[in-house]
Structure formats: structure tokens, C-alpha cells
Amino acid sequence: MSEPVFPKVELRILDFWAQDRTFEASVSGDEEFVFYDGPPFANGLPHYGHLLTGYIKDAVPRYQTMRGKRVERRFGWDCHGLPAEVDAEKQLGITGKADILQLGIGAFNAATRESVLRYAREWEQYVTRQARWVDFAGGYKTLDVDYMESVLWAFKTLHDKGLVYEGHQVLAYCWRCETPLSATETKMDDTYRDRRDPALTVAFPLETGEKALVWTTTPWTLPGNQALAVGPDLDYAVAELDGERYVVGRDAVPEGATVVEVFKGRELVGRRYVPPFDFVEGDFRILAAGFVDAGEGTGIVHLAPAFGEDDHEVCAAAGIAPVMTVDERTRFTALVPPFEGLQVFEANGPIIDDLRASGLVHRHESYVHSYPHCWRCDTPLVYKAVSSWFVAVTKVRDRMVELNKEITWVPGHIGEGQFGKWLEGARDWSISRNRFWGTPIPVWKSDDPAYPRLDVYGSVEELERDFGTQVTDLHRPYIDELTRPNPDDPTGRSTMRRVPEVLDCWFESGSMPYAQAHYPFENRKWFESHYPGDFIVEYTAQTRGWFYTLHVLATALFDRPAFRTALVHGTLLSDDGRKMSKSLSNYPDVYEMFDRYGSDAMRWMLLSSPVMRGGDMAVSEQAVRDAVRQVLMPLWSVWSFYSLYAGGRETESDHPLDRYALAKTDRLVADVTARMDTFDLSGACGLVRTFLDVLTNWYVRRSRTRFWAGDPQALGTLHSVLEVLTRVMAPLAPLVTEEIWKCLTGGRSVHLTPFPRPRRGDDDLVTAMDEVREVCSAALALRKAAGLRVRLPLPRLTVATPAFARLAPFVALIEQEVNVKEVVLTGDLGEVSEQVLTVVPRVLGPRLGPDVQRVIKAVRAGDWAADGGVVTAGGVELLPGEYELRSVAADADHSAAIPDGVLVLDVAVTPELLLEGVARDLIRAVQQARREAGFEVADRVRVRIEGGEEVAAAVAAHRDLIAAETLADEVCHVPGESVVARAER
């Protein structure tokens, strides 16, 4: 059988699946395993992150299907929100809300609707090529009316429970998109990056004559200054420098200044000061604030409550209302005439110049710091007081923490660590966006404050009832056109109008479990039986994204978790350790990898990697090649080897190698099942790789002569092992195992078969044979270290171990593998080694106190004994853990340690052994000549060997051995200067 081209094999299997409708056939059974497929953003092409997550989303359901579960896999599309809008703006050649309003909301949303699914075909091709089984036809889209209606229901239900409110808070704000963002969105990966900003120390004149030194990296907020803050319990100083007196934190006294007075911050509280600008009115006092850090800046903080969350809270407690100095684009308004129309970052320079002209700049530097950017448009954010709708997360936070304990996290530390800590500090969630394309906030308000009224709608039926018209599209602008007279206005002049905001797209994706089923309007029974989901998976940043929003809404709406198990994988990086970037071209193209190595190689590389345990991992082409070399090729080679002799299926065998192979396979089944049941896919991959090494480099290699002879027991054993192995590997390498299993059995599909269950219990044999393998491996390592090739026989191998009786039945096997004339087994380690005792003072010390030194001296002097498992030193009995007792070989150069024992290799080479080694070298040369001449394995040949006297002597002494090993009817020697072996008919 020729060497496989795995991509061609895979394409053939993909065609078979499509024609056979294998996936559809696999979705069967009564017991369900509920898998939630998180929706990707529909307006972007898939990348490596989707590839990794997709492989996990396929492997786990495949495994559960083979365990007899019914696993539905609906694909979903996240169609709303900033990702879609920003992409549509680029396509339309416009920027910002003003351009959108000029174009018209209807036209903009129509263009966005058209663009969001333009990559659907590419996604389907990508997902199909990676051999991921998913239901595209029955998938869901967050833009569908049914999905959106369920989201409206969720909002109204939360409102009815008192868990939704409208408030005015300082939030992260994208001035390019002109909308606030939630804390979740500012904590996504890559939202923070280094930015260079001015660092300014400004002098604020105090009413008492000194100047307070204030440090800020946002000079643009100084026109909005309304107070200063100090830490009441921190130390401050009055320091004199160049005739001026400054008030500053004790640890931030300027270099060269003389400290005049030291006092606590509380003594500054209440003092008045002169602000650097007079655009805002107020009494400008110093306030106490717990957040002030003596280790940063000058220990005095300027407060602009319109632009800082802490500023806002401290000022609100002091009765200071924020004054907004910028518009929605964060350009200064007419309230600040000198800088009117300047965007705040552009205004930093002119503001600093103005302050310098006023003599208020004490120090001006630049400052590089990690700064948040918009997760969709990459604009540096500002913090700005805005009106927003919030989910009152803080009201259910304690319950969220409790319900988190019911979730199984993989890796386990995520639950109490990354996710748990995020829950403990969770704040109210800003869910409204001042945008256009999304599920509308279903709130209508009276347009006359004299007759206030607020209505919240949770269904299309409620909207149609109150507004008297059919509702077929819940998007803007159509939903905005629904108005009606205010029922609470006796004058009849005021109108109920919808608030303009739309919902955060993360609110929509967090609604996926019920919205995909149009709950509660349909499928109520179905939803109740599918909630919580059994399994979800995403990368680590989703602990603050989708995992979090799912958990918030599940707790608030249903008082239960949204999912039972969450697998959290790490982040993939380029092979240079940086984030993968299309512009940098620093990662291998996915389709090139598919075409060169196949999807199964990519799958194995990713599923077996540390990224599965939450760590980051660099993707390289070499890692994909390694998956082919270390896993797929060994599997295929065994199948190819078997196919040369195929015919036997008898698995009852008394041969120890056959029994070992079958028992080892059963242990693999048990161990992989345990790993897969706990969603440890990388652990399962590691077990399979280790097993493949045993199968190819031990069982098949040690059994080759039996295969050549057509031994039905050997062939039947290998058939049984391969059949079970392909089922074990099916979720982890679904395409290659499908090809092998179908050829091996003639069946329909390995993925329609049950996952194997262990049947045999020959653990003693497995233990013994594994010990044999360890002995052989250690002995061969000694050979290599001594420069003695394996084909050169050696006189003796001595193995000293308490387990020598278990090795006795396999002496002949060890002799053949290590190529020694004799294997000596002994249980007396003293014959080949001596025991060395080492005490552990940190363990022994607490028990013995000062006597520990006496014991240490006794050990050094050799005054110790080990008898029957009891170790004494200096007359003191040592307890387990207080000492280490190990065997050290007497012949260090030719000995090696094995578990609980030592082996010694006799490396003396006699002339007879030397000739036999030459004969075995000749056998290898003849076998190579047979292959080059095109002989079949069973063909008989005549052999001619050219060479000198040593070769002639080796042929004469071992002619029968050479003939038997090479299937030669005749072996003759021809004198020659160099060794040449020829095989002829």
C-alpha cells in the first residue's frame, strides 16, 4: 500500500458523509446531551480561534453520540451590534452616526442586514472542511423576529422583577461609535494596549496660600475639574521650593524641596482652591476619598465627575453634580470656548499650553500606560457620564456566586479563579447602546414630562395590541414608528415614543438558550428539558463575555445556571509568540494546512496541546507535521501492515504478546473513557499517542515473523486492536479513522458505532509486559551510550528487581529485544548495587528536634540499616517520608536504574559475538537489496554477498541464519573490497 495523501483521503470521506447523510443518521436516541453552540459574529471570516473551538465543539458531541446520546448541533449567527455596524460603515464608505443619520436608519440597517451573512458560504465551507458536524439548515440568527421576541421577553421579565433600570453613570465610551460599552467589553482580550499620553503635574492654588500639586494623564479633563481628593489617612507635607510652598503626598515631595510640615490628609479636607479653568461653577473643595493611592502621582487627585467613575461617586456623595463639557463625539462644547470643537485627545496640547502660560504646569512628561480601546473599531476609549439602561447585577451577584458552584469548569481553577473572581466584583451591566442595528430596548415613554408614563413590552402580541398594527420587523426604524397617545394624558397631546437605544449584542448572545427556541412563545416543554445545557466551550476571554452574560441572565431569569460544564481553552498565538494578525501574515494559512496535511492533523495538533488546559500556545507548521509523523502515520502504517496479510479475525490467543496487546487496548479504552468523560481531550490524545508507540514499536515489531508466517492469532489480534483503536480515536481524528474502519470492517461508519467498553482484565500481564518494556528501553539506552549497535550481540544482561518473578516468563523476549545471549534475573539488589540512604531534615526535624543532627551524622558514618521495610539510623527508626532509600549501581558506566531496581549490561564482545553482529548487519543489507529489487515479502531468492575476510567468516559461521532471515535458498560469498549484498531469483 502506497504512502497516504491524507488530504485526499479526507476529501473522499467528506464526500461520503454528504452523500450518505451520516451526520443526520447519528442524531438519534432518547437520552440527550445538550450542547450550546455559541454564535460567532456573522460578518467576519473564520480564523484559528474558531478552528480550535470548532474542533472541541465537534469532538465532544461525537464522543457523546458514540456513548449513545442524542446530540443536536444547531449553528448560530450573531448578527447584531457594533461588529456588524462597523463593517457596514466600511462597506458604505461612511463614518459615524452623523453619516448614518444623513443616509437614513432604514437604508443603513438594510445595508447591514445584507452584509452580515455575506460570509455564510465561507463559514459553511470552513466548518465542513474541518470535519465538524453541525446543522446549518436548522440554525438560528439573532436578527430573526422569533429570536428577537424572546429577547424582548427577557428584558420585560427582568424589568418586572426590578432588575432593569435607567441610570446615569460614568461608563467606558467609544467616541467614534458614539455609544457606551459595558465592563465586559472593555475586558475582552486585546482591548488594552500601550498608549503614550502626557503626564502633567499641575499646581492648584489653595485658599491658605500653598499650591496643591496634582498629577494627571488626562489633561483634557481639567476644564471639567470640580473637586480635589486626598486620602484621609495618608501622610501629606508642605514643602518649600524656590520660594513657593506646595502641598503634596509625603512620598512625592519634589526633589530639592524642604519639608516644612507633615500631617494627615484629613486636615486638608474642606479646604478650598482655585481651579485651573473657570468654565465650570462650584465651590471647589478638597474631598476625602478612599481610592487615592500614595504610590501613584502626587497623592492628590483632581476630580472631574463627568469623566471618572471614582470621581463621580465621591462627588455625588458630596452633593456635586457632574457638568458635561463635551458632546457625543467627545468634542468640547460652547461651555469651553477656547477649545470648542476639539476632540479631547486633540485638545491635550492646547490645554497644556494654556496651563503653562498661566504658570500652573509644575512638570510635564510623557507616560506610556496600558489603555482600553474599543473592541470593534480600535478607538481609544474615554470614560464619560452617560444615560444607560442597566441590569442590576449587584442584586443577584451573591446568587450568581452560589450557582457558579454547580458548574463544572475545565480547567477546574477557572471556576473559583478567573470566573469566580469576576463574579465577586461584578457591577451593574450597561445593556443599552446608542446605535441602530440590534434588538430595540422595548421601552416607550411619554414625550411630555408633565404626564409621565413608561411602558415595557415583552412580545409582538403586546405591541400589536397597544399600537393596533401588525408587527413583522422589530428593527429600527420600523419599531420607532410605533407611537400612540399617552393614556395617562387627559389632554391627549402627549405621545408614547420608544427610547432610541438598542440592546447590547452580548445580551442577545446571552439569551441564546431560550431565544433559539422562541421561548416562552413556543417549545416551552423542549426548553425546560434542554436547560441548563450539558456543555459549552469557548476561549478564556469569554469568562467575561459569553459565559458571563449567559450566567447573569440564567440567574436573573431562571435562578439556575445556564450550563453544567464549561471547557475554557487558551489563546492561540503566532509562532513568534505574538497575537495572530492577518496584516502581519504571521501564521500559516488554514486552507494551506488542510491541503498539505489534512484537517485531522490540525485537529490533533490543537486538541493535544497545552492550549486545551487554558494556556496560550503558538501555532506552527512544524507542530502540524509532528501530528502527522507521531500519530496519523503510525496509525496508518499499522493498518497498511495489517492489510498486507488481512484475513484473520480470530482474537482468542494464548500468545503473551497477543494477550498483552488486547489487554493494553482495553486499558486504553478505560483510560480514554475516563478522560473524555471529564472533557480532558488533551489527556485522551496523550494516552492514544503512547498506545500507538506501544503498538507499532513493540507489538507489531516483536510479532513481525508471526505476521509473515500468516499466524491467524496474530492477525486476528491486530484486527481486533485496530477496530477498537479506530473507534477510540474517532472523535479525535474522525476522517482518517473513518477510512481505516470502513476498509477494515466494511461497515457504514465508525461514527455510528458505540464507543468501545473494556472487556478484559489481564492487568497482571499488562503490568509485567510494561516492566519488560522498561527493562528493554533502559538496556538499549545503555547500548547507545556505549556506542554498541543493536545488531551486535552481547553476553549478558543482569536485572535486579523485587519484581524479577514477573519478568521470568519473558526472558527470551528480553534476550531478543536487547540482543544478549543471557538474561539473569535476581531479587538481590546487593549483587549489582548498593543502597544509599538520605534523610529529609525538613520532615525529620519537627519530630526529632535537636536529635536530627545525630541521625544525619549516623547516616554519613554508615550507622544505619534497612530490614524488612524498617529503616533505622543511629538507633532511631525513621518513618516514611523522612528518608529516601535508593539503589546505586556498582558498575555506573554500564548500569541503569529501573523502577525499584537496577540492571547491568555486560559489554564484553568476543570474536564469536563480533562475527554474529556482522552477520546481522549483512541480513539488513540483504533485506534492503530485496526491497530495491522489487521482491515481494514472501518471494524466495538467491543471495550473493561480496566482502573481505571478516564478511567471509561471518557468512561461513551464520549461513543458515542469513538464509532463514532473508528467505534465501542459497547464500554465497564472493571476495571483494567493499560489502555488497545482492538478492536474485
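Keep in mind that what you see is a predicted model, and the values were worked out from it rather than measured.

A.B. asks: So what about the pairing of strand E21 (residues 495-498)? Which residues, and what values?
C.D. replies: The side chains of a regular strand alternate between both faces of the sheet. Strand direction decides the pairing type here: strand E18 (residues 443-446) and E21, joined by three bridges, are antiparallel. Paired with Ser446 across the strands is Met496, a residue of E21. Bridging between strand E20 (residues 484-485) and E21 involves two bridges; their strand directions are antiparallel. Looking at E21, one finds that Pro485 is bridged to Thr495.

A.B. asks: If you had to explain the sheet that holds strand E16 (residues 429-430) to someone new, which residues and values would you point to?
C.D. replies: Taken in spatial order, the four strands line up as E4-E3-E14-E16 in an open sheet, and their pairing is antiparallel. Across the chains shown, the open sheet's two edge strands, defined by having one partner strand only, are strand E4 (179-181) and E16. One ladder, built from three bridges, connects strand E3 (residues 164-174) with E4; its direction is antiparallel. Within E4, the position partnered with Cys174 by the bridge is Thr179.

A.B. asks: Requested: an account of the pairing of E3, with residues and values cited.
C.D. replies: Summarising the sheet, E3 and strand E14 (residues 382-391) pair through 10 bridges and their orientation is antiparallel. Within the sheet, the bridge partner assigned to Glu166 lies in E14 and is Trp389. Between E3 and E4, which pair antiparallel one after the other, the connecting turn spans four residues, and Glu178 there sits at a positive phi close to 60 degrees.

A.B. asks: Account for the side chain of His569, with residues named and values stated.
C.D. replies: For His569, the location among the structural elements is in strand E24 (residues 565-569). If we skip the residues at most four places from it in the chain, His569 touches Leu52, Thr53, Ile56, Val537, Glu538, Tyr539, Thr540, Val611, Met612 and Gly614.

A.B. asks: So, the packing of helix H21 (residues 599-607) against helix H22 (residues 621-645): which residues are in play, and what are the values?
C.D. replies: Between H21 and H22, whose axes approach to 8 Å, the crossing angle comes to 100 degrees. In terms of their interaxial angle, H21 and H22 are classed as roughly perpendicular. Taken together, the residues of H22 that come into contact with H21 (itself represented by Asp600, Ala601, Met602, Trp604 and Met605) are Ala623, Val624, Ala627, Val628, Val631 and Leu632. Among the residues forming the contact of H21 with H22, the class breakdown is 10 nonpolar, no polar and one charged.

A.B. asks: Before we move on, could you go through the UniProt feature "short sequence motif: 'HIGH' region" (unreviewed entry) in the chain and cite the residues and values that matter?
C.D. replies: Here, the residues flagged by UniProt with the feature "short sequence motif: 'HIGH' region" (unreviewed entry) are residues 40-50. For residues 40-50, the end-to-end C-alpha separation is 8 Å, with 27% helix and 0% strand making up the annotated structure.

A.B. asks: I'd love a proper account of helix H6 (residues 105-116), names of residues and values included.
C.D. replies: At 3.6 residues per turn, the α-helix brings residues three or four places apart onto the same side. For H6, which comprises 12 residues, the first-to-last C-alpha distance of 16 Å matches the rise-based estimate of 16 Å (1.5 Å per residue) to within 8%. Ile105, Phe108, Asn109, Thr112, Ser115 and Val116 are the residues of H6 that are buried. For H6, the angular spread of the buried residues around the axis is 125 degrees, confining them to a single face. Here the buried face of H6 lies against helix H4 (82-92) and helix H5 (96-103).

A.B. asks: Would you mind going over the nonpolar core in detail, with residue names and values included?
C.D. replies: Counting residues in hydrophobic clusters, the biggest one holds 114 residues, and the most contacted among them are Ile56, Leu718 and Leu797. For this core, the element with the highest residue contribution is H22, accounting for 13 residues. With 69 residues, the next largest nonpolar core counts Tyr36, Val86, Ala154 and Leu553 among its residues.

A.B. asks: Lay out the packing of aromatic side chains in plain terms, naming residues and giving numbers.
C.D. replies: The tally for this structure, following the rule as stated, stands at 53 aromatic pairs. Measuring from ring centre to ring centre gives 6.0 Å for Trp422 and Tyr548, while their planes differ by 75 degrees; the resulting arrangement is edge-to-face. Here Trp422 is found in helix H14 (residues 418-424), whereas its partner Tyr548 is found in helix H19 (residues 546-558), with 126 residues between them in sequence. Note on Trp422: relative accessible area 15%, which makes it buried. Linked through ring pairs, Phe75, Trp77, Trp123, Tyr126, Phe136, Tyr591 and Phe594 together constitute an aromatic cluster. Its guanidinium or amino end placed over the ring of Tyr371, Arg195 lies 5.7 Å from that ring's centre, counting from NZ or CZ.

Here is what the cut-offs are and how they apply
Here the residue numbering is sequential within each chain, running from 1 through the sequence in written order. With pLDDT at 70 or above as the cut-off, local features in this predicted model cover only qualifying residues; side-chain atom pairs require 80 or more to be listed or tallied, and sums for whole chains, interfaces and linings still use all residues. Computation of side-chain values: all heavy atoms of the structure, hydrogens and water removed. For two strands to pair, DSSP has to find at least two bridges joining them. Helix and strand definitions follow DSSP, with helices as H or I runs of at least four residues and strands as E runs of at least two, each counted in order from the N terminus. The contact definition used throughout considers only heavy atoms, calling two residues in contact when any of these lie within 4.5 Å. To define axes, lines are fitted to C-alpha atoms, for helices over the stretch in contact only, and angles between the resulting N-to-C directions are given on a 0 to 180 degree scale. Reported orientations rely on four angle classes, namely roughly parallel under 35 degrees, roughly antiparallel over 145, roughly perpendicular from 65 to 115, and oblique for the rest. In the scheme used here, Gly and all other residues not listed as nonpolar or charged are polar, with Ala, Val, Leu, Ile, Met, Phe, Trp, Tyr, Cys and Pro taken as nonpolar and Asp, Glu, Lys and Arg as charged. UniProt positions are given in the numbering used here, feature names are shortened, and annotations may be inferred rather than shown by experiment. By this rule, a helix spans an expected 1.5 Å times one less than how many residues it contains. Residue burial is assigned from relative accessible area. The probe radius is 1.4 Å, only protein chains are included, and a residue is buried under 20% of its type maximum, exposed over 50%, and partly exposed in between. In this context, the arc is that of the directions from the helix axis out to the C-beta atoms. Residues enter a nonpolar core if they are buried and are Ala, Val, Leu, Ile, Met, Phe, Trp, Tyr or Cys, with the set joined through side-chain atoms within 4.5 Å. Any Phe, Tyr or Trp ring, taking Trp's six-membered ring, that has another such ring centre within 6.5 Å forms a pair; planes under 30 degrees apart are called stacked, those over 60 apart edge-to-face, and the others tilted. We call a charge positioned above a ring when the Lys NZ or Arg CZ atom is no farther than 6 Å from the ring centre and deviates by at most 35 degrees from the ring normal.

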